[in-house]
Structures are given as structure tokens and as C-alpha cells.
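A look at the structure
Here's the letter readout for the chains.
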Amino acid sequence: PFVMLSRSSLAPRVVRTAVLNRGLSGQSAVWEAARKARESARLLAALPNEDRNAALNRVADALENAKADIEAANAKDCEAAAKPEAGVAPALQSRLKFGGAKFRDTVKGVRDLTKLVDPIGQIQLHRELDQGLQMKRVTVPLGVLGIIFEARPDAAIQIASLGVKSGNGVLLKCGREAVQSCTAIVSAIKDGLSGSKASPDVVALLTSREETAEMLKMKSYVDLIIPRGSNEFVQYVMNNTDIAVLGHADGICHIYVDAKADLQKGLEIAMDSKIQYPSACNALETLLVNSAVAEKFLPAFAKRAAEEGVELRGCPATLKLLPSNCAAATEEDWATEYCDKILAIKVVGGMPEAMAHINQYGSRHTDCIITEDAAAAALFQSQVDAAGVYHNCSTRFADGFRYGFGAEVGISTSMMPPRGPVGLEGLVTYRYMMSGNGHVVKDYAGDNAKPFNHKELPK
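Residues numbered from 1 in each chain as written. Predicted model: local features only at pLDDT ≥ 70, side-chain atom pairs only at ≥ 80, totals over all residues. Heavy atoms only, no water.

Right, let's get into the packing of helix H7 (residues 153-166) against helix H8 (residues 179-194). Between H7 and H8, the least distance of the axes is 9 Å, while the angle of their chain directions is 25°. With respect to H8, the axis of H7 lies roughly parallel. Between H7 and H8 lies a crossing whose hand is right-handed. Contacts between H7 and H8 involve Pro153, Ala156, Ile157, Ala160 and Val164 from the first element and Ser181, Cys182, Ile185, Ile189 and Leu193 from the second. For the contact of H7 with H8, the class distribution of residues is nine nonpolar, one polar and no charged. (Axes fitted to C-alpha atoms, helices over the stretch in contact; angles between N-to-C directions. Helix = DSSP H or I, 4+ residues; strand = E, 2+ residues; numbered from the N terminus. Parallel < 35°, antiparallel > 145°, perpendicular 65-115°, else oblique. Left-handed = near helix turned anticlockwise from the far one by under 90°. Contact = heavy atoms within 4.5 Å. Nonpolar A, V, L, I, M, F, W, Y, C, P; charged D, E, K, R; others polar.)

Attention now goes to the pattern of salt bridges. Proximity of charged atoms lets side chains of opposite charge pair with each other. Under the criterion given, the structure shown has 26 salt bridges. Residue Asp118 pairs with Arg52 through a salt bridge whose shortest N-O separation is 2.9 Å. Remark: Arg52 occurs in helix H3 (residues 49-65) and Asp118 occurs in the loop between helix H6 (100-113) and strand E1 (123-130); sequence separation between them is 66 residues. Neither Asp118 nor Arg52 differs from the other in exposure class; each is buried. Here Asp112 makes a salt bridge to Lys108, at a shortest N to O gap of 3.0 Å. Highlighted residues: Asp112 and Lys108, both in helix H6, separated by four residues, approximately one helical turn. You can call Asp112 buried: its relative accessible area is 14%. Lys108 sits in the partly exposed class, given a relative accessible area of 42%. A cluster of three or more residues bridged by salt bridges with shared partners is formed by Glu32, Arg35 and Glu39. (Salt bridge = Lys/Arg side-chain N within 4 Å of Asp/Glu carboxyl O. Buried < 20%, exposed > 50% of the residue type's maximum accessible area, 1.4 Å probe, protein only.)

The following block contains the structure:
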């Protein structure tokens, strides 16, 4: 969303001072953490890429050294979440688990960030306006990011490391189910940063709803809020802050099996999209099957789904083909992100009906067509409104690490950029830098105005 500025915004120093004084005179440690993050982020942004990369390597080392402590803390979180009285859904419990290969891959992602191009200081535009008067558009960090994320301990590592690489401060607010895990993780991250030229204060952890509410008021310190959760939660955040919001919302992902699909290929892709990690936001939630191939495809798919413990919910046409192992789907099923081994299935008359369904019920996350018809695939990819539109591959590829971004702070389903997995490029903005030699505007105005050259220069 755009932040609309009124004329009263032309007096930012007065507003900033008032908010700052409230923060310093109050009892909350959140304001102090935000203030330190802002100051530290400015210093971080000035560090050369080599120093920020060195800090990331130290963070990776510290995480590996603290592996036992982190996994022990995670085990406590998982044990508490598994109790019936905790009321934590199985899908959320799955996201909460952190160790083994997931820990290894997450730490590898931190090190991989050091191999990526520095997102700061990239010259996007270099133009001579007149002799001796040059303008550059240069990338700079956003400032301080406030990230509210679900019970996924690995997200804390990904977000913090992206912040360091991109020169941004980060305020992390984890789900209550992951507090012990994230406390151990952030402690290790700070230990790593303390031995580098980056301040440990660039990263802070919030653990309560009250602290979240305070963060939403910190316009003088926080430049962007990224809430990861349901559409309702993202809307709540947008309604309760004046800070710019980049929402990571529901992932209602679709696969359409076309009349000209390779059905075995479609079967493998659909199964991977659903069961490889059912609780992920890029997992398949609705399967659309062309009526021309439904009679052959659906029984084979249902057999595999049953073997994997996937519950099926289908339209009337699907129920006729799968009378014994499919429940009736309701209107609500088409608009539901299950994050579980549940899948909605609908038989459609063709691609126009499939695209209409996706554009009506989808969340603009990731959708895929299975077909050997290149023209059909091109039409689908041009007409489906989503951040990721795939052809003959799993929706589970919608991920910053798999895209080569190193990691991601979330997946944006907004039409405005950044869109899709938000990595380093989505965490910088730009600044116009002008250099002259006594140039004044009056020389370029009036009857005898000098002309501008507007000559493009090497970047």
C-alpha cells in the first residue's frame, strides 16, 4: 500500500521529537530496542559489503555452535504445542519443528547470502543533466523492518540474515508457540554479530502481543511492517498502523491439469505440491482437472492420495468418479488454505473455467498448469493473476532460497512490487544523488533558459 502524506507531514522533526520523547520517558523496552536498531542500522548500512558478509559468516558459526541449545529449546516448544490444551493445529506443529536437515539448510542459506551481489550502492540510473551537473539513482536500505511471523524458527534466521546483508535493522515478532526457539536463535545471532563490525542491536526479538501493538505505533523508528499470516491478520495490521505494510497472506495455490497434460507428470507434480510439506504457504490446496482427462487422472491420483493420507473434498463431478474416497466440497473449501493433508478437487470444462476459478478464489500466490500444449501454457501464464504462475513444475518452488535469493522475509501477494518471494532486492529503496558546481535553477528557467542535456552516462 502507498503511504499518503498530507501537508502537515512537512514538519517531521516536531512529530519525530514527540514520539521519541514518549519512547524515552516510557517504561517499555520495545521503544529502546527500536531506537537502538535504527541507530545501528545506519552504521550497518555504511559498512562495506565485505564487513557485512563477515558478520553473516560469524552469525552462521554462532548458530552452528548453539545448535544443541537451539534444538533443546525447540523441543520444549514442540512438547508444549503438542499438548491438547495448547490448541495448536497439527500444521502449525509441523512448521514449528526445527532441527536436522532444516537447521543445516537454514544455516547454509546464511552463508549463501555472502555470495550474492551487494544490494546497497547499486547505481540504477546515471544521467548528465548539463555539463558538470550529474544525477544518480542509487540503492539504499529501507531502514528498520518490523516482521511479524508465524511459529517458524527458521524464519527468524532467514529474516535477520537478510537484514544484515541489506543493511537493515530488524524487529522480529515470532508466534507464541516458538518463543523459546526464537529466543535461543536470536541470542546466537547476537553472539555472532558481537564479534563483527555490525552491532548486535540491529536485531531484536519481541515476544508478546502488547509489544506488537507498540511496534505498530513506531513510525519514527520502523519503516516497513511485514506481517506473515492470514488475510484477516494482514488486514488487522494495515488498519492499526501508519507504517507502510507489505503483506504475506494466505497461500491458496492451484494446479490445473489440462486436456493435453502428461498425466503421469501431472500426478507426480500434484503429489509433490501437496505432500512434500503440506503446511507451507506454497503447498497445493485446490486441484482443477479438465473433464476430458478426469476419468483417467482422478482415480490414479486418489489412489496415491490415499496412500499418503490425504483427505479429498470434491465437486459433484469428482464425487461421481471417486464415490468411495472423497467427501463433498463446499463453497468454503474453494477459499480455504488448509496447510494440512486436505485437498479440494474440481472438474472443469476447460482452461477458461479453470482460470476463472483461480482468479476468483486464489490468493495471488502461486498457480500452475500441467500441459504439453505450449500455447495453452503461455495463455495461462499471461492470464492468471498470481505472483508465481508455473508450467509443469511443483508450486513448492515458490521460495526465496529456491529462487536463488538466499532466503526470504516472506512472499508478497500484492500487485505492487516487491512481489512473490521477497529477498534482498525487496529490502532496498533508492536515493537520488545530485552533484553540481554552483548550478542554480534560475539558469534553466525563463526566456533565455539553458537546455538540459539529459545524457545517459555509464553506471
